[in-house]
Amino acid sequence: MTITRHSFRGEGDMLKVFDLVSSFPLVSRHTLDLPWRLSAPVINEGHDGSFWIDTNGRVVGFAAWQYYWAALDFFILPGPTKQEVEAEIFAWAEGRMRECDVERGYPLPYWVEFRDDDAERLQLVKAHGFVLEDNDSYTLFQHALDDLAPVPELSEGFVLRPLMGEQEVADYAELHRLAFESASMTSEWRARSLCTPQYRSDLDLVICAPDGLLAAFCVGWYDPGRHVAQIEPIGVHPRFRRHGLARTLLLTMLHRFKLYGATSAFIEPFSANMPIHRASEAVGFQRVHTIHRLGKWVNQPV
């Protein structure tokens, strides 16, 4: 069976990719929060994402070099085209990584993620040369939603509400950059995320400070078919930490997930993000898995 590669070019291709990804088990990476990742500006330029279609018109593979996370996302549909798609994905990825080194002017290692219980993915990426170990990792916390603590009241003057759509994406982007001490988030990115098929405005929460400034944010993604939800991302303005804002956002989101039919929810903060670890455990999340990364040089440094 013949497969053909197509460049991923944003909203028009999202539904095709989501139809593929929705069939994958949760052990796979980013089955729920992929809309957030595919809203990033660079990937929508048509260079960093590709999908493969078989002769029946079915999407059988997807891969994306995720610049902002320095990671390769990929999904390969089981079946007669699996080996062919695997070879195509890693050949395409290596070619794109070589181009990135040229564009940047110097080489860097490239990374893939795998959950600690996903032996198949680990074996696959090692077979394709991803063997460099990395200190960065994520911790997967999970919460069964049958027993939730009540949502704590906010301090006087703080207000929790949904994000006010596109009119507030610039303020959100500024808050996100401050919360993560990163310049990556843009208004374009945030606005595009509002248009993804899985987006729900009632799962896009912010807390306003008494002076009207956005103080914290939390975005939720819910899969009604599997009754599972994910929180990604969550952050607090440096000025407003230690006010319990993260706990309030987490519990509010968990109660909304449960109302909509979710039976469990998870969150995957960086392993070094101890404030979110503490807030997550304080509201009943439990550590379940570690997500590791392995890397590869496609051009060795001089």
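From a predicted model like this one, the values you see are computed outputs, not experimental measurements. (Residues numbered from 1 in each chain as written. Predicted model: local features only at pLDDT ≥ 70, side-chain atom pairs only at ≥ 80, totals over all residues. Heavy atoms only, no water.)

Trainee: Quick question: what am I supposed to make of empty space enclosed by the protein here?
Mentor: By the definition in use, this model includes one cavity of 30 Å³ or more. Empty space within the largest cavity amounts to approximately 30 Å³. (1 Å grid on protein atoms, 1.4 Å probe; cavity = no way out; pocket = protein on both sides within 12 Å on 5 of 7 lines; lining within 4 Å. Points joined across faces, edges and corners; volume = space filled by probe spheres on them.)

Trainee: It is not clear to me how helix H4 (residues 119-127) should be interpreted in this structure. Could you clarify?
Mentor: For the α-helix, the turn length of 3.6 residues means that residues three or four positions removed from each other point alike. Buried residues of H4: Arg121, Leu124 and Val125, and no others. For H4, the buried positions fall inside an angular range of 90 degrees around the axis, keeping them on one side. The exposed residues of H4 that point more than 90 degrees off its buried face are Ala119, Gln123 and Ala127. Looking one or two places after H4, you find Gly129, whose phi comes out positive at around 90 degrees. (Buried < 20%, exposed > 50% of the residue type's maximum accessible area, 1.4 Å probe, protein only. Helix = DSSP H or I, 4+ residues; strand = E, 2+ residues; numbered from the N terminus. Arc of directions from axis to C-beta.)

Trainee: It is not clear to me how the pattern of salt bridges should be interpreted in this structure. Could you clarify?
Mentor: As a working rule, side chains carrying opposite charge can pair if their charged atoms are close by. Taken as a whole and judged by the stated rule, the model has 21 salt bridges. In this structure, the salt-bridge partner of Lys82 is Glu120, at a minimum N-O distance of 2.9 Å. Taken together, the positions of Lys82 in helix H3 (residues 82-104) and Glu120 in helix H4 put the pair 38 residues apart, joining distant regions of the chain. Residue classification places Glu120 among the exposed positions, given a relative accessible area of 55%. Notably, a salt bridge pairs Arg98 with Glu94, separated by 2.9 Å at the nearest N-O pair. (Salt bridge = Lys/Arg side-chain N within 4 Å of Asp/Glu carboxyl O.)

Trainee: In this structure, what is going on with helix H5 (residues 169-180)? I would like to understand it.
Mentor: The end-to-end C-alpha distance of H5, which contains twelve residues, comes to 16 Å, matching closely the 16 Å that a straight helix rising 1.5 Å per residue would cover. Three or more residues of H5 are buried, namely Val169, Tyr172, Ala173, Leu175, His176 and Ala179. Seen end-on, H5 carries its buried residues on one side only, within an arc spanning 165 degrees. Against helix H2 (34-38), helix H6 (187-193), strand S10 (214-223) and strand S11 (228-236) lie the buried residues of H5. Positive backbone phi, at 50 degrees, marks Glu181, one or two positions downstream of H5. (Expected span 1.5 Å × (residues − 1). Contact = heavy atoms within 4.5 Å.)

Trainee: When you look at the pairing of strand S5 (residues 110-115) in this model, what are you seeing that I'm missing?
Mentor: Within a regular beta strand, the side chains point alternately toward one face of the sheet and then the other, so they alternate between its two faces. By the criterion of burial, S5 is predominantly enclosed, with six of the six residues buried. Neither face of S5 is open: one carries Tyr110, Val112 and Phe114, the other Trp111, Glu113 and Arg115, and all of them are buried. Bridge analysis of S5 against strand S13 (residues 286-296) gives six bridges, and the strand direction is antiparallel. Residue Phe114 lies in a different strand from S13, and its bridge partner there is His292. (Pairing = 2+ DSSP bridges.)

Trainee: I'm lost on the packing of aromatic side chains in this one. Help?
Mentor: Each aromatic ring pair is described using two quantities: the centre-to-centre distance and the angle formed by the ring planes. Going through the model one piece at a time under the given rule, you end up with 15 aromatic pairs. Centroid distance Phe8 to Phe62: 5.8 Å. Interplanar angle 65 degrees. Geometry classified as edge-to-face. Of the two residues, Phe8 sits in the loop between strand S1 (3-7) and helix H1 (11-21) while Phe62 sits in strand S3 (residues 59-66), which places them 54 residues apart along the sequence. Of the two residues, Phe8 and Phe62, neither departs from the other in class, the shared state being buried. Relative to Phe217, the ring of Tyr172 lies with its centre 4.9 Å away and its plane at 65 degrees, an arrangement referred to as edge-to-face. (Phe/Tyr/Trp six-rings, centres within 6.5 Å; stacked < 30°, edge-to-face > 60°.)

Trainee: I would appreciate a short explanation of the packing of helix H7 (residues 245-260) against helix H8 (residues 274-282) in the present structure.
Mentor: For the pair H7 and H8, the least separation of the axes is 9 Å and the interaxial angle reads 50 degrees. What the angle tells us is that H7 and H8 run oblique. Crossing of H7 over H8 shows right-handed handedness. Judged by residue contacts, Ala246, Arg247 and Leu250 of H7 engage Ile276, Ala279, Ser280 and Ala282 from H8. (Axes fitted to C-alpha atoms, helices over the stretch in contact; angles between N-to-C directions. Parallel < 35°, antiparallel > 145°, perpendicular 65-115°, else oblique. Left-handed = near helix turned anticlockwise from the far one by under 90°.)

Trainee: What am I meant to see in the pairing of strand S4 (residues 71-76) here?
Mentor: Among the six residues in S4, six count as buried, and that is most of the element. Bridge count for S3 against S4 is six bridges, and the pairing is antiparallel. Bridged to Phe62 within S4 is Phe75. Between S3 and S4, which pair antiparallel one after the other, the connecting turn spans four residues, and Ala70 there sits at a positive phi close to 50 degrees.

Trainee: Whenever I open this one, the layout of surface pockets confuses me. Can you help?
Mentor: It is a probe the size of a water molecule, rolled over the atoms, that shows where empty space is left. Approximately 1300 Å³ is the volume attributed to the largest pocket. Looking at the largest pocket, it is lined by 43 residues, and the ones nearest its centre are Ala179, Phe180, Ile234, Asn273 and Ile276. Of all elements in the fold, only H2, H5, S11, H7 and H8 reach the threshold of two or more residues within the lining of the largest pocket. By residue number, the principal contributor to the lining of the largest pocket is S11, which donates seven residues. Residues belonging to the lining of the largest pocket are distributed by class as follows: 22 nonpolar, nine polar and twelve charged. Together, 17 residues line the second largest pocket, and Phe24, Ser28, Ile76, Lys82 and Glu120 are the ones closest to its centre. Those elements giving two or more residues to the lining of the second largest pocket turn out to be S4, H3 and H4. Its residues assigned to classes, the lining of the second largest pocket comprises nine nonpolar, three polar and five charged. (Nonpolar A, V, L, I, M, F, W, Y, C, P; charged D, E, K, R; others polar.)

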